[in-house]
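Chain by chain, the residues:
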Amino acid sequence: MAQTVDTRSLDNLLKSWDTLTSRFPNVKQSLLMELGREMLQRVRQQAGGTGKVAGWQDLHVGSGGGYAAVRAKRDIYKATKSGKRYSVGHITNAIEGGHKIPSRRGGKNYRPEIYVAAVPGKWFYDKVRRELSGMGEQETRRLAQMIADGLEGRL
C-alpha cells in the first residue's frame, strides 16, 4: 500500500476560512449592533423609561465596527433656571453618580427644603454594566457557531 498525503480536506478548510474571514466583519458588526441596541434599551429603562434623560442616551458603534457603547448624546445643551447651560452628558453623569446640593443661604428665617448634603446616584449605567456579561453570552455563542459553520463550509 502506497503512503500518500491528501490535502483536499486542508484545501476545503482554507476555502471555508477565506469565506468566513470575508464575511466575519459584517457578522461581528451586526452582532455588536444587536447587543448595543439591547444595552441602550436597558439603560433607558433604568434611567426612567421614556423621560428626558432616557431620550438623551444613544448608541455609538466604533468606525471599524469593533465595539458598541451607550453614552449621552453629544452637543446637546440644556439651560437651567439661572440660564447656565449644561451638556446632557454632564447632567447624565450627575444623575448617574449623584451630586451635591448647593446651599442657598437665606435670611434668619430660611429653612432648607432638603436636609441632605447630596442627592444619591441612580447608577443606571452601572446596573446595565453588571448585567452585560450575561447579555453578551448568547451573542458570543452565536458568533462561535457561525465560525464553526463557516469552517465546515455550511455558511
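Residues numbered from 1 in each chain as written. Predicted model: local features only at pLDDT ≥ 70, side-chain atom pairs only at ≥ 80, totals over all residues. Heavy atoms only, no water.

Side note on the overall build of the protein chain
1) Next: Assigned secondary structure in the protein chain consists of four helices and six strands.
2) Next: For the protein chain, the N- to C-terminal ordering of α and β elements is α-α-β-β-β-β-α-β-β-α.
3) Next: Burial status across the protein chain gives 23% buried among its 155 residues.
4) Next: Considering only contacts within the protein chain whose residues lie at least 6 apart along the sequence, 56% involve residues at least 24 apart. (Helix = DSSP H or I, 4+ residues; strand = E, 2+ residues; numbered from the N terminus. Buried < 20%, exposed > 50% of the residue type's maximum accessible area, 1.4 Å probe, protein only. Contact = heavy atoms within 4.5 Å.)

A look at the pattern of salt bridges
Should the charged atoms of two oppositely charged side chains come close, the side chains can pair.
1) Next: Within this structure, the stated rule accounts for four salt bridges.
2) Next: Across the pair Asp126 and Arg130 runs a salt bridge whose closest N-O atoms are separated by 3.0 Å. With Asp126 and Arg130 both in helix 4 (residues 124–151) and four residues apart, the pair spans about one turn of that helix.
3) Next: Accessibility expressed as a relative area gives 56% for Arg130, which makes it exposed.
4) Next: Taken together, the shared-partner salt bridges connect Glu38, Arg42 and Glu131 into one network. (Salt bridge = Lys/Arg side-chain N within 4 Å of Asp/Glu carboxyl O.)

Brief notes about the side chain of Gln57
1) Next: Relative to the helices and strands, Gln57 resides in strand 1 (residues 57–61).
2) Next: A polar side-chain atom of Gln57 sits 3.2 Å from a polar atom in the side chain of Thr92.
3) Next: Here Tyr125 takes part through its side chain, which lies 2.4 Å from a polar atom of the side chain of Gln57.
4) Next: When near neighbours in sequence (up to four residues on either side) are disregarded, Gln57 contacts Leu40, Val43, Arg44, Val70, Arg71, Ala72, Lys73, Thr92 and Tyr125. (Polar contact = N/O pair within 3.5 Å; in protein donor to acceptor, adjacent residues only side chain to side chain.)

Looking at the nonpolar core
1) Next: Membership of the largest hydrophobic core comes to 16 residues, with the highest contact counts inside it found for Val43, Ala47, Val53, Ala68, Val70, Phe124 and Tyr125.
2) Next: Elements with a contribution of two residues or more to this core: helix 1 (8–47), helix 2 (52–56), strand 2 (68–72) and helix 4.
3) Next: A total of five residues in this core trace back to one element, the largest contributor, which is helix 1.
4) Next: If we skip the residues at most four places from it in the chain, Val70 touches Gly36, Met39, Leu40, Val43, Gln57, Asp58 and Tyr125. (Core = buried A, V, L, I, M, F, W, Y, C linked by side-chain atoms within 4.5 Å.)

As for the pairing of strand 2
1) Next: Burial analysis of strand 2 places four of its five residues in the buried class, which makes it a mostly covered element.
2) Next: Judged from the five bridges that link them, strand 1 and strand 2 form a sheet pairing that is antiparallel. Across the sheet, the residue bridging to Asp58 is Arg71, located in strand 2.
3) Next: Between strand 1 and strand 2, which pair antiparallel in sequence order, lie six residues; one of them, Gly65, sits at a positive phi of approximately 75°. (Pairing = 2+ DSSP bridges.)

What to know about unusual backbone geometry
1) Next: Non-glycine residue Trp123 carries a positive phi angle of around 55°.
2) Next: Structurally, the position occupied by Trp123 is in the loop between strand 6 (118–119) and helix 4.
3) Next: Take Trp123: its relative accessible area is 41%, and that puts it in the partly exposed class.

A word on the environment of Gln41
1) Next: Considering the arrangement of structural elements, one finds Gln41 in helix 1.
2) Next: For Gln41, a relative accessible area of 43% corresponds to the partly exposed category.
3) Next: Through-space distance from the C-alpha of Gln41 to that of Ala54 is 9.1 Å; in sequence the pair is 13 residues apart.

Description of helix 3 (residues 88–97)
Owing to its 3.6 residues per turn, the α-helix aligns residues three or four sequence positions apart on the same side.
1) Next: Along helix 3, the positions that sit buried rather than exposed are Val88, Thr92 and Glu96. Relative to the axis of helix 3, the buried residues are bounded by an arc of 75° and lie together on one face.
2) Next: With its phi angle positive at about 85°, Gly98 sits one or two positions after the end of helix 3. (Arc of directions from axis to C-beta.)

As far as function goes, none of this settles anything; it's purely spatial.
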